[in-house]
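Here is what each chain is made of, one letter per residue.
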Amino acid sequence: MRQAGRSLPEYRALRERNTFWEVAHTPELCAQVTLQPVRRHGVDAAVMFADIMTPVLAMGVDVELVEGVGPVVAQPLRTLADVEALIVPEADAFAPLLEAIRIVRTELGEHQAVVGFCGGPFTVAAYLVEGRPSREFAVVKELMYREPAVWRALLDKLSDCFARYVAAQAGAGADVVQLFDSWAGVLSPHDYEERVAPWSARVLAAVDVPTIHFGTGTATLLPAMARAGGDVIGLDWRIPLDDGWKLAGEDRGVQGNLDPAVLLGPWELVETAARDVLARAGGRPGHIFNLGHGVLPRTDASVVTRLAELVQDATVEARV
Ligand code: CP3
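Calculation criteria
- Residues numbered from 1 in each chain as written.
- Predicted model: local features only at pLDDT ≥ 70, side-chain atom pairs only at ≥ 80, totals over all residues.
- Heavy atoms only, no water.
- Pairing = 2+ DSSP bridges.
- Helix = DSSP H or I, 4+ residues; strand = E, 2+ residues; numbered from the N terminus.
- 1 Å grid on protein atoms, 1.4 Å probe; cavity = no way out; pocket = protein on both sides within 12 Å on 5 of 7 lines; lining within 4 Å.
- Points joined across faces, edges and corners; volume = space filled by probe spheres on them.
- Core = buried A, V, L, I, M, F, W, Y, C linked by side-chain atoms within 4.5 Å.
- Buried < 20%, exposed > 50% of the residue type's maximum accessible area, 1.4 Å probe, protein only.
- Contact = heavy atoms within 4.5 Å.
- Lys, Arg positive; Asp, Glu negative; His and termini not counted.
- Salt bridge = Lys/Arg side-chain N within 4 Å of Asp/Glu carboxyl O.
- Expected span 1.5 Å × (residues − 1).
- Disulfide = S-S within 2.5 Å.

Asks: Could you give an account of the pairing of strand S3 (residues 70-73), with specific residues and numbers?
Replies: Summarising the sheet, strand S2 (residues 63-66) and S3 pair through four bridges and their orientation is antiparallel. Along S3, the bridge assignment pairs Glu64 with Val72. Hairpin connection of S2 to S3: three residues between the antiparallel strands, including Gly68 at a positive phi of 80 degrees.

Encoded structure:
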């Protein structure tokens, strides 16, 4: 999950020759990069190579992904006129990604899943309004509180576009769709429920394949996130997996939730922490083992491979 490729030499080599958007918009390159971590680590699913800002380019916004920073928007959106100027594109605007999904689906085995995704309307709106990554989210919250009509118009536009985007991905062969509302955890439960959840729900309802609903810092939001939708709720490492599962609801699956920074520690620590996550899942069906957020770029790729082996061995044992 999340910019995972940056820890792989084969990804870095390809990125030296092509820009991010060149890779994302060339189906063969996009498919190749998507498959790199699957081939190397033998994991059970491929997360399509794109960014949460990919569909926003098609809406007419100029976004750059700046290394070490994140998405930077040339002209941040602030007014109703800015929002009204956004295009809600037809699905053919996403043709290169859809073609890459078809290639990846053909390349993978029948027991490996293709994960399509999009950003949560809140997280993407935060980048569009702030113009760049933020700690306080003060600019986007100010707009949300002072200009509720502009906020609703922005989330309407984003959720219309994302609903079309994820439905097209499912149509092209994505087995699962994940909603990355990475920064939703900066909101109070009340604001999340009133000002964000209805639009996330609209995107999640747009597909008939299983969905994963993910955010970080969401321990207090999990019940509201689950109400908004998601067959599986993504958990970060700040909450023990069994506690998070109770809050998400036993009727849902959960994904998570090893701290990605643990992978920078000695192997004994990685093993203990991974076995703790598995023990908390207790072999119950509906647990997708994952990190609680993305692989950090300085992570040694061989540790990820070893972790994937450990989890596969342990869970095959549990099934037998
Ligand atoms: O795991 C994967 O590589 C799958 C593809 C993927 C990317 N971005 C590619 C990418 C996914 C799932 C994302 C989602 C994404 N992008 C999120 C949601 C998940 C999360 O991490 O919370 C967010 C918040 C973003 C925004 C974003 N894009 C950030 C914060 C960065 C990193 C900037 C940096 O260098 O620190 C990006 C750039 C980005 N997106 C890269 C990749 C492979 C690395 C930059 C590059 O190759 O030039």
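Asks: Report on the layout of surface pockets, specifying residues and quantitative values.
Replies: Considered as a void within the structure, the second largest pocket measures approximately 180 Å³ in volume. Taken together, Met59, Gly60, Val61, Asp62, Val73, Ala74, Gln75, Pro76, Leu77, Asp82, Ala85 and Leu86 make up the full set of residues lining the second largest pocket.

Asks: Outline the nonpolar core, supporting the account with residue identities and numerical values.
Replies: Residues Met53, Leu128, Leu154 and Tyr192 are the most contacted members of the largest nonpolar core, which totals 108 residues. For this core, the element with the highest residue contribution is helix H9 (residues 148-172), accounting for 13 residues. Residues in contact with Leu128, not counting those within four places in the same chain, are Met53, Val56, Val61, Val73, Pro76, Leu77, Leu154 and Leu158.

Asks: Tell me about the side chain of Lys141, and name the residues and values.
Replies: Position of Lys141 among the secondary structure elements: in helix H8 (residues 138-146). Put simply, Lys141 is tucked away with no salt bridge, and the nearest opposite charge, on Asp191, sits 6.2 Å away.

Asks: With reference to specific residues and values, describe the environment of Pro240.
Replies: Residue position: Pro240 is located in the loop between strand S7 (232-234) and helix H13 (241-248). For the pair Pro240 and Trp21, spaced 219 residues apart in sequence, the C-alpha to C-alpha distance is 37 Å. If near-sequence neighbours (up to four positions away) are discounted, Pro240 is found in contact with Asn257 and Arg280.

Asks: Before we move on, can you summarise H9 with the specific residues and values?
Replies: Taking 1.5 Å per residue, 25 residues should reach 36 Å; H9 reaches 36 Å between its end C-alpha atoms and fits that length. Gly173 sits one or two residues past H9 and shows a positive phi near 125 degrees.

Asks: Outline the state of the cysteines, listing residues and values.
Replies: Applying the stated rule across the entire model yields zero disulfides. Unpaired in terms of disulfides, Cys118 finds its nearest cysteine sulfur in Cys161, a separation of 8.7 Å. For Cys161, a relative accessible area of 0% puts it in the buried group.

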